[in-house]
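Chain by chain, the residues run as shown.
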Amino acid sequence: MELKELYELKLQAKEPFDLNLTLSCYSFNWWFNGRAGVIPLLEEPMTVAVVSGSNLEVEVKVFGVEQVDVEKQLRWILGLDEDLSDFYSKVERDPLLREVPKTLRGMRMRALSPWNALLVAICQQNASFMQGWRMLSRIYKLLGAEVNVEGLKTIIPPGPGKLLSDDAKVKLREAGAGYRAEVIVEAAKRAREGLLKEASSLSPSRAEDVLREVKGIGSYTARLTLVLSMRMYELLPLDRWLKRLAEEVYGVEDAEKELKARWGRWCGLATYFTTVVLDAEVISEALRRALSGEVKPKPYAGRPTPLTMWMHEWR
DNA sequence: TGCCAGGCGGGGT
DNA sequence: ACCCCGCATGGC
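(A) Broad picture of the domain arrangement of chain A. As far as domains go, chain A holds domain 1 (1-81) and domain 2 (110-196). Here the C-alpha centre of domain 2 lies 21 Å away from the C-alpha centre of domain 1. With 24 residues of domain 1 at the interface, the matching set in domain 2 holds 21 residues. Contact between domain 1 and domain 2 buries roughly 2,000 Å² in total, counting both sides, with carbon and sulfur atoms accounting for 66%. Applying the counting criterion to the domain 1 and domain 2 interface returns one salt bridge. For Lys61, the salt bridge goes to Glu150, with nearest N and O atoms at 2.8 Å. Inspection of the domain 1/domain 2 interface yields ten residue pairs in polar contact (both at pLDDT 80 or more). Partitioning the side of domain 1 that touches domain 2 into residue classes produces 18 nonpolar, three polar and three charged.

(B) Structural detail: the sheet that holds strand S4 (residues 58-64). The strand order across the open sheet formed by four strands is S1-S4-S3-S2, and the pairing between neighbours is antiparallel. The sheet is open, and its two edges are formed by strand S1 (4-11) and strand S2 (37-42), each paired on a single side. Going from strand to strand, the sheet's axes swing by 25 degrees on average, the running direction of each strand aside. Pairing of S1 with S4, which is carried by seven bridges, proceeds in the antiparallel orientation. Opposite Lys4, over in S4, you have Gly64 as the bridge partner. Against the sheet, helix H2 (residues 71-78) contacts S1, S2, strand S3 (47-53) and S4, and its axis sits at roughly 125 degrees relative to S2.

(C) Representation of the protein's contact with DNA strand B in the model. For DNA strand B, the set of nearby residues contains 24 residues, the closest of which are Asn126, Gly218, Thr221, Asp239 and Ala280. For DNA strand B, the fraction of atoms within 4 Å of the protein that belong to sugar or phosphate moieties is 58%. One of the side-chain N or O atoms of Tyr179 is found 3.0 Å from a base nitrogen in DNA strand B. Between DNA strand B and the protein, one listed contact pairs a base nitrogen with a side-chain N or O atom of Asp239 at 3.1 Å. Of all the secondary structure elements, the ones that give two or more residues to the surface near DNA strand B are helix H5 (129-143), helix H11 (219-230) and helix H12 (240-250). Here the surface near DNA strand B takes three residues from H11, the largest share from any one element. In terms of residue class, the surface near DNA strand B is built from ten nonpolar, ten polar and four charged.

(D) The environment of Met46, seen in detail. Residue placement: Met46 occurs in the loop between S2 and S3. Here the alpha-carbon distance between Met46 and Phe63, two residues 17 residues apart in the chain, equals 8.3 Å.

(E) Highlighting the environment of Ser24. Here Ser24 lies in helix H1 (residues 19-24). Ser24 sits in the buried class, given a relative accessible area of 5%. In this structure the C-alpha to C-alpha distance between Ser24 and Met107, which are 83 residues apart in sequence, comes to 9.6 Å. Those residues in contact with Ser24 that sit more than four places away from it in its chain are Phe32, Pro306, Leu307 and Trp310. A polar side-chain atom of Ser24 sits 2.7 Å from the main-chain carbonyl oxygen of Asn20.

(F) Just the pairing of S3, in detail. The buried fraction of S3 amounts to five of the seven residues, a majority that puts the element mostly inside the structure. Sheet topology note: the S2/S3 ladder contains five bridges and is antiparallel. Pairing of Leu42 across the sheet is with Thr47, part of S3. Here S2 hands over to S3 after four residues, the two strands then running antiparallel side by side. As paired elements, S3 and S4 share seven bridges and run antiparallel to each other. Note on S4: the bridge partner recorded for Val48 is Phe63. Between S3 and S4, which pair antiparallel and follow one another directly, the connecting turn spans four residues.

(G) Molecular detail of the protein's contact with DNA strand C. Near DNA strand C the following residues occur: Asn126, Gln131, Arg134, Arg173, Gly176, Gly178, Tyr179 and Arg180. What you see for DNA strand C is that sugar and phosphate hold 52% of its atoms within 4 Å of the protein. Contact between DNA strand C and Gln131: a base oxygen at 2.7 Å from a side-chain N or O atom of the residue. Between DNA strand C and Tyr179, the relevant distance is 3.2 Å, taken from a sugar or linking oxygen to a main-chain nitrogen or oxygen of the residue.

What counts and what doesn't
Residues numbered from 1 in each chain as written. Chains lettered and ligands numbered in written order. Predicted model: local features only at pLDDT ≥ 70, side-chain atom pairs only at ≥ 80, totals over all residues. Heavy atoms only, no water. Domains from an automatic or database assignment. Contact = heavy atoms within 4.5 Å. Buried area = accessible area lost by both parts, 1.4 Å probe. Salt bridge = Lys/Arg side-chain N within 4 Å of Asp/Glu carboxyl O. Polar contact = N/O pair within 3.5 Å; in protein donor to acceptor, adjacent residues only side chain to side chain. Nonpolar A, V, L, I, M, F, W, Y, C, P; charged D, E, K, R; others polar. Pairing = 2+ DSSP bridges. Helix = DSSP H or I, 4+ residues; strand = E, 2+ residues; numbered from the N terminus. Axes fitted to C-alpha atoms, helices over the stretch in contact; angles between N-to-C directions. Near = heavy atom within 4 Å. Buried < 20%, exposed > 50% of the residue type's maximum accessible area, 1.4 Å probe, protein only.

What follows is the structure, given as structure tokens:
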């Protein structure tokens, strides 16, 4: 499918803003190529934005089949109006996150659609960074929609409907999803009934409860979904990885209590940045690095990391 | 080869 | 409220 260009616009961000960091983080190579980022916006009518330019001015080209106003959505996705100054001052001296206001200054988390965020979160369950993202890349390749914009091939993540098609379970197994396949399909059913829309209208804590109604979605997956799609940062998505890290780095027994005290209403975003600064290393290496103060992401680690995964082929 | 990894639910106490 | 186990899969 080839999408035609509809119109262009320019956006300004609240300072400090770093477009390159914002686009490169947790991007597959079909979403970022080192200069431009592709942002899927709407499934129906199919609409995609291509984003490039400088930190001072973000240039946007909107591709699709019919005229749609996407400015507000795009500002939200790129976090252009998000003020991180309070977060930065909170983590300035944090042994895990002290590099965020420096090395990663101006980087925003790109928001995902609620359904795509849930899919991402399920793929992180009981899996390493590499396994989770490899699984996800295969799901996109097998079930997503390939679209051309400006001669670039990109992939639109599959919506809930696609995950409910006859061959979806087979393809999920093929993608290596294992027992998560059932969870994804169950979640897709509920998503089609409006589960995520409902969650987005509630308080974070109520939203978590609603998402947990789905069998296979627990606290971690629900909270991560709220972080990635709704910028609801106050609930901490605590997995074994972060729990171990916090226990060792801060020398405490109750990781959740400690992290809440340190990160406050920024817990979710802080979790996201923790994986970035430690290059999503497996726990043994992440621990070694954190304890020896190596909390700056490596420019090139030789393997995919959150910041460099766009440089790699995923198959 | 086993064993384990950014969870989870079910069944035990 | 805990603790413990199995669960698909892939990587080492």
